[in-house]
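Residues per chain are reported as follows:
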Amino acid sequence: QVQLVESGGGLVQAGGSLRLSCAASGRTFSSYAMGWFRQAPGKEREFVAFINWRGGGTYYTDSVKGRFTISRDNAKNTVYLQMNSLKFEDSAVYYCAATARVLASKEYEYDYWGQGTQVTVSS
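Everything in this summary refers to the structure shown in the same document. Sequence order sets the numbering: in each chain, residues are counted from 1 along the sequence as written. Owing to the predicted nature of the model, reporting of local features is limited to residues with pLDDT of at least 70; listing and counting of side-chain atom pairs is limited to 80 or more, with chain, interface and lining totals taken over all residues. Here the side-chain values reflect all heavy atoms present in the structure, with hydrogen atoms and water set aside.

## Observations concerning the pattern of salt bridges
- Criterion for a salt bridge: a side-chain nitrogen of Lys or Arg within 4 Å of a carboxyl oxygen of Asp or Glu. Scanning the model with the defined rule gives five salt bridges in all.
- In this structure, Arg45 and Glu107 form a salt bridge, with 3.0 Å as the shortest nitrogen-oxygen distance. Of this pair, Arg45 sits in the loop between β4 (33-39) and β5 (46-51) while Glu107 sits in the loop between β9 (92-99) and β10 (112-113); the two residues are 62 residues apart in sequence, bridging distant segments of the chain.
- Residue exposure (1.4 Å probe, protein chains only): buried if accessible area is under 20% of the type maximum, exposed if over 50%, otherwise partly exposed. Using a relative accessible area of 23% as the deciding quantity, one classes Arg45 as partly exposed. Put simply, DSSP H or I for four residues or longer makes a helix, DSSP E for two residues or longer makes a strand, and each gets a number counted from the N terminus.

Next up, the structure:
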């Protein structure tokens, strides 16, 4: 089992920045690749970013490329999502998730999920 707890969400003006954190406990964090997803009201949960277990490989959905950066610190059992140039449409609950797969961007490909943290961007 892997337990995931997100933090760092909040209210920010458009153009601002936030850094989300996801702290992991339980089984070996470094053996899992990690992803961030988000879900806005009335919409399905969507993939945002992926990072492999070493941190050397990343993948983003097109709408956040150049603005968001995913990273991880295996010594701290934590994955981060740095979000810059935030837009109103980035408002959502953000979830981190863990997967044993080499590359994953679909919900069903992830084994463990956090409870989410709310990000609200005011226009």
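## Digging into the packing of aromatic side chains
- A pair of Phe, Tyr and Trp rings is counted when the ring centres sit within 6.5 Å of each other, with Trp represented by its six-membered ring. The angle between the planes then sorts it: under 30 degrees is stacked, over 60 is edge-to-face, the rest tilted. Counted under the stated rule, the structure contains six aromatic pairs.
- Relative to Tyr112, the ring of Tyr32 lies with its centre 5.9 Å away and its plane at 80°, an arrangement referred to as edge-to-face. Within this pair, whereas Tyr32 is found in the loop between β3 (18-26) and β4, its partner Tyr112 is found in strand β10, the two being separated by 80 residues in sequence.
- Residue Tyr32 is classed as buried on the basis of its relative accessible area of 9%.
- Exposure remark for Tyr112: the relative accessible area of 17% places this residue in the buried category.
- An aromatic cluster is defined as three or more aromatic residues linked by ring pairs; in this entry it consists of Phe37, Phe47, Tyr59, Tyr110 and Trp113.
- Only Lys NZ and Arg CZ are tested; either one counts as a charge over a ring when it is within 6 Å of the ring centre and within 35 degrees of the ring normal. Here Arg45 stacks its cationic end above the ring of Tyr95, 4.5 Å away from the centre of that ring.
- Above the face of the Trp113 ring, Arg45 is positioned so that its terminal group lies 4.0 Å from the ring centre.

## Side note on a nonpolar patch on the surface
- What makes a patch is a set of residues exposed beyond 30% relative accessible area and free of salt bridges, joined within 9 Å when like-charged and within 5 Å when nonpolar (Val, Leu, Ile, Met, Phe, Trp, Tyr). The accessible surface values rely on the Shrake-Rupley method and a 1.4 Å probe; as for residues, cover is taken only from the protein chains in view. Among the surface-exposed residues, Tyr59, Val102 and Leu103 lie close enough to one another that they form a single nonpolar patch of about 340 Å² accessible area.
- Relative to the assigned elements, Tyr59 resides in strand β6 (residues 58-60).
- What makes Tyr59 partly exposed here is its relative accessible area of 41%.

## Here we look at the state of the cysteines
- Criterion for a disulfide: a pair of cysteine sulfur atoms within 2.5 Å. Tallied over the full model, the rule gives one disulfide.
- The disulfide partner of Cys22 is Cys96, and the S-S distance across this bridge is 1.9 Å. Because the torsion about its S-S bond is 50°, the bridge between Cys22 and Cys96 counts as right-handed. Placement of Cys22 in strand β3 and of Cys96 in strand β9 is noted, with a sequence separation of 74 residues between them.
- Residue classification places Cys22 among the buried positions, given a relative accessible area of 0%.

Limitation: the analysis is restricted to geometry and does not speak to function.
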